[in-house]
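# Observations on the three-dimensional arrangement
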Amino acid sequence: MTDARSEFPRPRVTERRLLLGTGVSATVLLPAWLHPAIAWAASHKHKHHPAAEAKASRTPPPVVMLDPGHGGKDPGAIGVAGTYEKHVALAAAHDLKTRLEAGGRYRVVMTRSGDRFIPLEDRVGLAQQHGADLFVSMHADSVPDHSVRGASVYTLSTNASDKQTAGLAIRENSADRFAGHGFTGVSPDVARILASLVGQETRLGSANLQLDMVRSLADDIEVLPSPSRHAAFVVLKSAEIPSVLVEMGFMSNFKDETALRQQAHRGKITLAMSNAVDAWFLARQSGRMAG
């Protein structure tokens, strides 16, 4: 009868001494086919593995917080054809999130991923909670003049850059009336306090992001005259996170509303915004932030 072990080659026996505690040793016989593995393990015992070390020391990707405006019981602006701003903002934010995540360079979080209401203060809090490196609020507002159309980008400031922007800030800040706690907007005194909370580095980061956004948007879609604007938007008040508010167009203008209902047009906007985010992080990484 053939020994079942004979289907494997009989090992050449080699002695190995193993320590079994202090002052105790034993001799065991190891098969020849284990010798290469033992030799490899011995030779690699103290070697460094750059790939493994790089993986262990790799810094987490930067966090981009997207904030689709309004939601839930707050529809935002209602277009001349009945389109709700909250739906346009959410659809565009989902598209931008997909674009930003495609390259694997960022972790993207949204203040809301569905149709629900979130107070303005909570939106800022979520960005801080997630350790966001950038905060981008997305809107499509309305103004009394129905001929006004085009995209624009806003940063926080004590005073509004113009009367139209002041009106936009009042409407956006009054969104918290839906929260039921009597918030009626931001007084000039509060606005000054909020602006003073924003550090110089954050102001610079916001200004650079605004510049990148405007340049990128203007390449492919219509923008307002003087599209870089500022006002006391509550949602932009974080003291440590560079933040902008992007008005993708105006629901009060029929052409803008019609365009914003189309995925292809929203895709042009989100592609431009994605390119702007890339440019911002590239400038930060290389130390080329404009002063």
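How each quantity is defined
- Within every chain, residues take consecutive numbers counted from 1 along the sequence as written.
- Selection of residues for local features in this predicted model requires a pLDDT of at least 70, selection of side-chain atom pairs for listing and counting requires 80 or more, and totals for whole chains, interfaces and linings are taken over all residues.
- Hydrogens are left out, water is left out, and the side-chain values use all remaining heavy atoms of the structure.
- Here a strand is any run of E in DSSP of at least two residues, a helix any run of H or I of at least four, and the numbering for each starts at the N terminus.
- A helix is expected to reach a length of 1.5 Å times the quantity of its residues less one.
- Counted as salt bridges are all cases of a side-chain nitrogen of Lys or Arg within 4 Å of a carboxyl oxygen of Asp or Glu.
- Burial classes follow relative accessibility: with a 1.4 Å probe on protein chains only, a residue under 20% of its type's maximum area counts as buried, one over 50% as exposed, and anything between as partly exposed.
- Orienting the strands away from the viewer, one traces the path from the first strand over the helix to the second; a clockwise path indicates a right-handed crossover.
- When DSSP finds at least two bridges between two strands, those strands are taken to pair.
- The directions considered for the arc are those from the helix axis to the C-beta atoms.
- Throughout this description, a polar contact denotes any pair of N or O atoms lying within 3.5 Å of each other; where both atoms belong to protein, one of them has to be capable of donating a hydrogen while the other can accept it, and for residues adjacent in sequence the pair is counted only when both atoms sit in side chains.
- In what follows, a contact means two residues having at least one pair of non-hydrogen atoms within 4.5 Å.
- Throughout this description, the term nonpolar core refers to a set of buried Ala, Val, Leu, Ile, Met, Phe, Trp, Tyr and Cys residues connected via side-chain atoms within 4.5 Å.

Now for helix 9 (residues 263-286). With 24 residues, helix 9 extends 34 Å from end C-alpha to end C-alpha; this agrees with the ideal 34 Å at 1.5 Å per step. A positive backbone phi angle near 75 degrees is found at G287, which sits one or two residues after helix 9.

The tally for this structure, following the rule as stated, stands at 8 salt bridges. Linking K97 and E101 is a salt bridge whose minimum nitrogen-to-oxygen distance equals 2.8 Å. Of the two residues, K97 and E101 are both situated in helix 3 (residues 85-102); the distance of 4 residues between them amounts to about one turn of the helix. Classification of K97 as partly exposed rests on a relative accessible area of 22%. Between R284 and D133 there is a salt bridge, with the nearest N and O atoms lying 3.5 Å from each other. Of this pair, R284 sits in helix 9 while D133 is found in the loop between helix 4 (120-129) and strand 5 (134-139), placing the two residues 151 residues apart along the sequence. On the basis of relative accessibility, which here comes to 22%, the residue D133 falls in the partly exposed class.

We now examine the pairing of strand 3 (residues 63-68). Counting buried residues in strand 3 gives 6 out of 6 residues, a clear majority hidden from the surface. Going residue by residue along strand 3, you find V63, M65 and D67 tucked away on one face and V64, L66 and P68 tucked away on the opposite face as well. Regarding the hand of the β-α-β motif, the stretch spanning strand 3, helix 3 and strand 4 (residues 107-110) is right-handed. Here strand 3 pairs with strand 5 via 5 bridges, running parallel. Looking across to strand 5, one finds that L66 is bridged to V136.

A few words now on helix 4. Looking only at helix 4, the buried set comprises L120, R123, V124 and A127. With its buried residues spanning 95 degrees around the axis, helix 4 presents them on a single face. Looking one or two places after helix 4, you find G131, whose phi comes out positive at around 65 degrees.

By the secondary structure assignment, S206 is in helix 7 (residues 200-218). Overall, S206 belongs to the buried group, its relative accessible area being 9%. Here S243 takes part through its backbone nitrogen, which lies 2.9 Å from a polar atom of the side chain of S206. With sequence-adjacent residues up to four places away left out, S206 is seen in contact with T155, I241, P242, S243 and V244.

The next subject is the nonpolar core. Within soluble globular proteins, side chains that are nonpolar tend to cluster in buried spots. Ranked by size, the top nonpolar core spans 35 residues in total, and within it V136, M213, L217, V246 and M273 carry the most contacts. Looking at this core, the elements with two or more residues in it are strand 3, helix 3, strand 4, strand 5, strand 6 (151-156), helix 7, strand 8 (243-247) and helix 9. If one sorts the elements of this core by residue count, helix 9 sits on top with 7 residues. In this structure V136 touches M65, L66, D67, L209, M213, V244, V246 and M273, once residues within four positions along its chain are discounted. In terms of nonpolar packing, the next biggest core, distinct from the first, is built from 7 residues, V63, A127, F135 and I241 among them.

It is worth spelling out the pairing of strand 6 at this point. Moving residue by residue along a regular strand, the side chains alternate between the two faces of the sheet. Most of strand 6 is tucked away: 6 of the 6 residues are buried. By the alternation rule, side chains of strand 6 split into A151, V153 and T155 and S152, Y154 and L156, which are all buried. Looking at chain direction, strand 6 and strand 8 are connected through 3 bridges and run antiparallel. Following the sheet pairing, S152 is matched in strand 8 by E247.

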